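Descriptive structure summary
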Amino acid sequence: MKKIILLFALAGSIFACTKKEESTADSAKVPGQNGITIDSSANTDLYKKSIKAIESGDTVAYRSTYAPDVVFHDNIDSMTLDANMAMFKAFADRGIKVKIELGPVWESQYDKPNEKGITNYVSGYMTLILTRGDKTAKTFIHTVDAIKDGKLVEEWSLYDRAAMVEIMK
């Protein structure tokens, strides 16, 4: 009898000391939680590829990151991919060099898709630095990009246009 009790005590001690591995499926969600946020993924890499293409002037690479029917919402003004690219062409035509200092970038993956079937969004902060001769203009930009099937399908950008207008003069 003592051996059985000792065996149960030993087994209980072993189970109490083992680390419980918890999988994502096992973890209880916080009320109101409907997705996850991650700091590195194929989608954040796609976003960064788009940013690098702007900086280098690689229009082919830039276009390749977006769906053909993407909609850009720059400070609430909506435009197509061609209209968005025309902005960068205007910089190049005036001899303006573009540099981008990328800040935090992360992806939010939601459990339920929106009405367009989108569950993935990449958000980021950056500083856009425009140089023309000895003039430099900087503006802080926050973007959110909806991603579906490996392409950026919709983009929202918020920034102060004053620096861009000034350097274009």
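Look a little higher up for the structure.
In what follows, the accompanying structure is described. (Residues numbered from 1 in each chain as written. Predicted model: local features only at pLDDT ≥ 70, side-chain atom pairs only at ≥ 80, totals over all residues. Heavy atoms only, no water.)

Attention now goes to the overall build of the protein chain. A count of helices and strands for the protein chain gives five helices and seven strands. Of the regular secondary structure in the protein chain, the N- to C-terminal order runs α-β-α-α-β-β-α-β-β-β-β-α. Considering the protein chain as a whole, with its 169 residues, one finds that 34% of them fall into the buried category. Restricting the contact set of the protein chain to residue pairs at least 6 apart, pairs at least 24 apart contribute 56%. As presented, the protein chain carries roughly 10,900 Å² of accessible surface, and 60% of it is formed by carbon and sulfur atoms. (Helix = DSSP H or I, 4+ residues; strand = E, 2+ residues; numbered from the N terminus. Buried < 20%, exposed > 50% of the residue type's maximum accessible area, 1.4 Å probe, protein only. Contact = heavy atoms within 4.5 Å. Areas by Shrake-Rupley, 256 points an atom, 1.4 Å probe, with all protein chains shown as cover.)

What follows concerns the packing of aromatic side chains. By the definition in use, this model includes seven aromatic pairs. Summarising the aromatic geometry, the rings of Y62 and F88 are spaced 5.9 Å apart at their centres and angled 70° between planes, so their arrangement reads as edge-to-face. Note that Y62 is positioned in helix α3 (residues 59-64) and F88 in helix α4 (residues 81-93), a separation of 26 residues in sequence. Here Y62 falls in the buried class, since its relative accessible area comes to 4%. For the pair Y110 and Y121, a centre-to-centre distance of 5.9 Å together with 70° between the ring planes defines the contact as edge-to-face. Residue Y110 is found in strand β4 (residues 97-110), and its partner Y121 is found in strand β5 (residues 120-132); the two are separated by 11 residues along the sequence. Note on Y110: relative accessible area 36%, which makes it partly exposed. (Phe/Tyr/Trp six-rings, centres within 6.5 Å; stacked < 30°, edge-to-face > 60°.)

For D145, the position within the fold is in strand β6 (residues 135-148). One buried charged residue, D145, remains without a salt bridge, the closest side chain of opposite sign being K116 at 12 Å. (Lys, Arg positive; Asp, Glu negative; His and termini not counted. Salt bridge = Lys/Arg side-chain N within 4 Å of Asp/Glu carboxyl O.)

The subject of this paragraph is the nonpolar core. Grouped together as the largest cluster of nonpolar side chains are 30 residues, with contacts concentrated most on Y62 and L130. Elements that contribute at least two residues to this core include exactly α2 (42-56), α3, β2 (66-74), α4, β4, β5, β6 and α5 (162-168). Broken down by element, this core gets its largest block of residues, five residues, from α2. (Core = buried A, V, L, I, M, F, W, Y, C linked by side-chain atoms within 4.5 Å.)

Let us look at the sheet that holds β4. Here we have seven strands laid out as an open sheet, ordered β1-β4-β5-β6-β7-β2-β3, and mixed in their pairing. The sheet is open, and its two borders are formed by β1 (35-38) and β3 (77-79), each paired with just one other strand. Recorded for the sheet is a direction-independent mean angle of 20° between the axes of neighbouring strands. Alignment of β2 against β3, held across three bridges, turns out to be antiparallel. In the strand pairing of β3, H73 is matched with S78. Those strands touched by α4 are β2, β3, β4 and β5, and its axis lies near 70° from that of β2. (Pairing = 2+ DSSP bridges. Axes fitted to C-alpha atoms, helices over the stretch in contact; angles between N-to-C directions.)

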